Amino acid sequence: MKLLRGKSLLDDPAQNKSTAFSREERNQFGLRGLLPYKVTDIKTQQERALGNLRRKSSDIEKYIFLNSLLERNQRLFYRTMIDHLDEIMPLVYTPTVGEACKQFAHIYRKPQGFYINPEDRGEIASILDNWYETDVRIVVVTDGERILGLGDLGANGMGISIGKTALYVACGGIHPTQCLPVMLDVGTNNQTLREDLLYLGCPHPRLTEHAYLSLVDEFVQAIQTKFPNALIQFEDFQSQNAFDLLDRYRKQVRCFNDDIQGTAAVTLAGIYTSSRITRKSFTDLKIMLLGTGSAATGIAELMMPAFCAAGLSEDVARSRISFVDRQGLVVSSREHFKPRIRPFAHDHASVNFLEAIESIQPDVLIGATGVAGAFSETAIRKMAQFNERPVIIALSNPTSHTECTAEEAYRWTDGRAIFASGSPFPSFRLGEKLFKPAQGNNAYIFPGVGLGVIASRARLITDSMFLIAARVLANMVLPEEIEVGAIYPSLSRIRSVSHAIAVAICQVAQQEGLVDDALPQDLTTYVRTLMYEPNY
Ligand SMILES: NC(=O)C1=CN([C@@H]2O[C@H](COP(=O)(O)OP(=O)(O)OC[C@H]3O[C@@H](n4cnc5c(N)ncnc54)[C@H](OP(=O)(O)O)[C@@H]3O)[C@@H](O)[C@H]2O)C=CC1
Ligand SMILES: CC(=O)C(=O)O
Ligand SMILES: [Mg+2]
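In this text the structure is predicted, and so the values were computed from the model without any measurement. (Residues numbered from 1 in each chain as written. Chains lettered and ligands numbered in written order. Predicted model: local features only at pLDDT ≥ 70, side-chain atom pairs only at ≥ 80, totals over all residues. Heavy atoms only, no water.)

**Student:** Which residues make up the domain arrangement of the protein chain, and what are the values?
**Tutor:** For the protein chain, the assigned domains are domain 1 (6–90), domain 2 (91–253) and domain 3 (264–443). On a C-alpha basis, the centres of domain 1 and domain 2 stand 27 Å from each other. Of the residues lining the interface, 20 residues belong to domain 1; the matching set on domain 2 comes to 21 residues. Buried area between domain 1 and domain 2, both sides added, is near 1,800 Å², and the carbon and sulfur share of it is 69%. (Domains from an automatic or database assignment. Contact = heavy atoms within 4.5 Å. Buried area = accessible area lost by both parts, 1.4 Å probe.)

**Student:** How would you sum up the coordination of the magnesium ion (ligand 3)? Please name residues and give values.
**Tutor:** For the magnesium ion (ligand 3), the full set of protein donor atoms is Glu235 (OE), Asp236 (OD) and Asp259 (OD), and the range of their distances to it is 2.0 Å. In terms of primary sequence, the donors binding the magnesium ion (ligand 3) are separated according to E-D-x22-D. You can see Glu235 sitting in the loop between strand E4 (231–234) and helix H13 (239–249) and its partner Asp259 sitting in helix H14 (residues 258–278), a full 24 residues away along the chain. (Donors = N, O, S within 2.8 Å, 3.2 Å for Na, K, Ca; no water. Helix = DSSP H or I, 4+ residues; strand = E, 2+ residues; numbered from the N terminus.)

**Student:** So what's going on with the site of ligand 1? Residues and values would help.
**Tutor:** Taken together, 26 residues lie near ligand 1, and Arg146, Thr263, Ala295, Arg326 and Asn442 sit nearest. Side-chain polar atom of Ser239 to an oxygen atom of ligand 1: 3.4 Å apart, as the coordinates give it. With respect to ligand 1, the backbone of Asn397 contributes an N or O atom lying 3.3 Å from an oxygen atom. When residues of the shell around ligand 1 are traced back to their parent elements, those giving at least two are H14 and helix H15 (294–309). For the shell around ligand 1, the residue count by class is 6 nonpolar, 15 polar and 5 charged. Looking at which domains feed residues into the shell around ligand 1, each of domain 2 (91–253) and domain 3 (264–443) gives three or more. (Near = heavy atom within 4 Å. Polar contact = N/O pair within 3.5 Å; in protein donor to acceptor, adjacent residues only side chain to side chain. Nonpolar A, V, L, I, M, F, W, Y, C, P; charged D, E, K, R; others polar.)

The following block contains the structure:
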């Protein structure tokens with residue numbers, strides 16, 4: 001790290017300690033006179049930061065404040081975030097990041113991350129030399145076409161890459177210098193954005209077909225060349241591209257798609273835990289998915305090996321999973337199918353969503369539609385008619401797009417629902433009973449997977465890694481959490497979750513022959529020593 005002095009030192013977010021510079025450091029680094037008298041510690045700085053944060057009157061103002069703190073003093077930002085995850089994660093990540101993406105061009109202060117656009121074609125590898133860090137291990141890339149449930153936000157989608165990298169650091173212990181958020185700006189089909197004077201992305205329609213794919217190819221190749229130890233996380237791509245790119249690279253490149261694979265793992269973990277609460281056997285469960293996009297399809301495709309590993313035949317496993325789309329239950333008599341959904345079509349009469357619930361009587365209902373209110377009162381009440389404890393997982397983000405709220409799920413089931421949602425809901429009291437809804441978000445998975453891949457230097461990222469991540473996550477839910485109906489561990493333990501997932505990923509990587517150099521015997525200690533702890 002380059003040794004800085006004076007104003008340059010105070011302006012460098014990675015090295016700045018601000019008022020925590022000691023008298024000796026102030027002397028040594030030419031800081032005398034540039035700081036007020038008192039030397040404070042990080043805890044006191046945190047108090048000031050939290051006070052300033054809490055004085056802001058809206059979440060988007062809090063987001064702006066936190067972002068500028070990150071730009072001022074990286075260690076103070078991450079220490080505060082880690083110590084106050086319940087309060088800060090919803091401001092840095094969903095739901096606030098959704099609003100921040102919508103307003104990205106209007107609240108823009110300073111460049112963060114890396115922007116690539118079609119004019120960079122043929123030069124991506126060389127312009128990556130402009131990135132000022134050399135040991136990049138995590139690349140989170142989006143093209144902004146499906147940001148949360150908000151649709152095409154073009155280059156404004158950079159907010160999601162930035163938010164995910166903040167979680168890699170805070171929840172997964174990856175060093176900030178090792179993370180690179182990327183916006184692959186291929187244009188936007190969002191006319192309103194294109195006409196917005198302040199919009200900062202390429203104001204033309206999206207690249208498609210060969211022009212699109214060849215740019216992504218060049219980007220992936222350039223990352224391989226420039227940062228050979230990095231993994232690439234594809235985030236918030238439109239569904240067809242998401243699957244096409246994953247299929248294209250997953251056997252050659254250390255990469256995964258978070259919306260497909262990370263979401264599948266967190267949902268599977270929730271399903272495992274729910275059967276501890278309902279005392280139903282995992283292999284008896286019937287799962288119904290509303291939506292047939294990246295998240296829902298990924299879940300079904302990971303449920304299959306999970307069911308089969310638990311003893312079901314492929315046919316029986318498949319019969320336990322049903323999809324509902326805009327037309328109703330996906331049935332085999334249909335003429336047109338999405339290819340990945342066809343295997344899950346049921347030999348069943350064509351019925352609408354409500355009739356499908358009534359007829360199939362699923363144990364678990366999962367929403368991945370991006371549509372607010374897609375779980376109606378009638379749908380939830382039906383689930384509660386034949387399930388003592390209906391499992392309702394409303395994955396869609398941000399909160400304004402959730403299939404149902406926590407309060408609705410509990411009220412409409414007289415408090416019997418086992419509920420989780422993509423974005424957080426506050427605790428909720430119904431009569432005497434206090435409910436603490438859990439957050440079913442891939443944030444429980446990708447930081448640990450990333451840490452494990454960094455630790456093992458696994459060449460590829462496989463489905464077995466997501467299966468084990470789900471198992472580890474489920475096993476970490478405590479009896480007292482089960483007691484209040486939570487199917488995920490408390491967020492305050494997310495770093496331990498990531499650590500445990502990473503250790504398991506190292507083991508799988510070794511078993512699958514994806515590791516070149518032998519790993520230390522004591523993986524638990526080894527992985528822990530890799531985890532970044534922000535302190536001065
Ligand atoms: N909690 C978490 O960790 C995660 C949450 N998500 C959230 O899940 C949501 C979906 O993401 P993703 O799968 O990637 O998005 P996609 O766009 O790939 O899929 C959305 C799906 O929902 C379907 N759909 C839309 N409206 C309805 C409706 N009224 N009835 C039935 N189906 C409907 C769409 O149908 P059609 O194909 O016909 O348009 C499409 O199949 C988003 O809100 C996202 O934020 C995603 C990843 C992780
Ligand atoms: C959580 C997430 O990845 C999404 O909503 O897209
Ligand atoms: Mg996503």
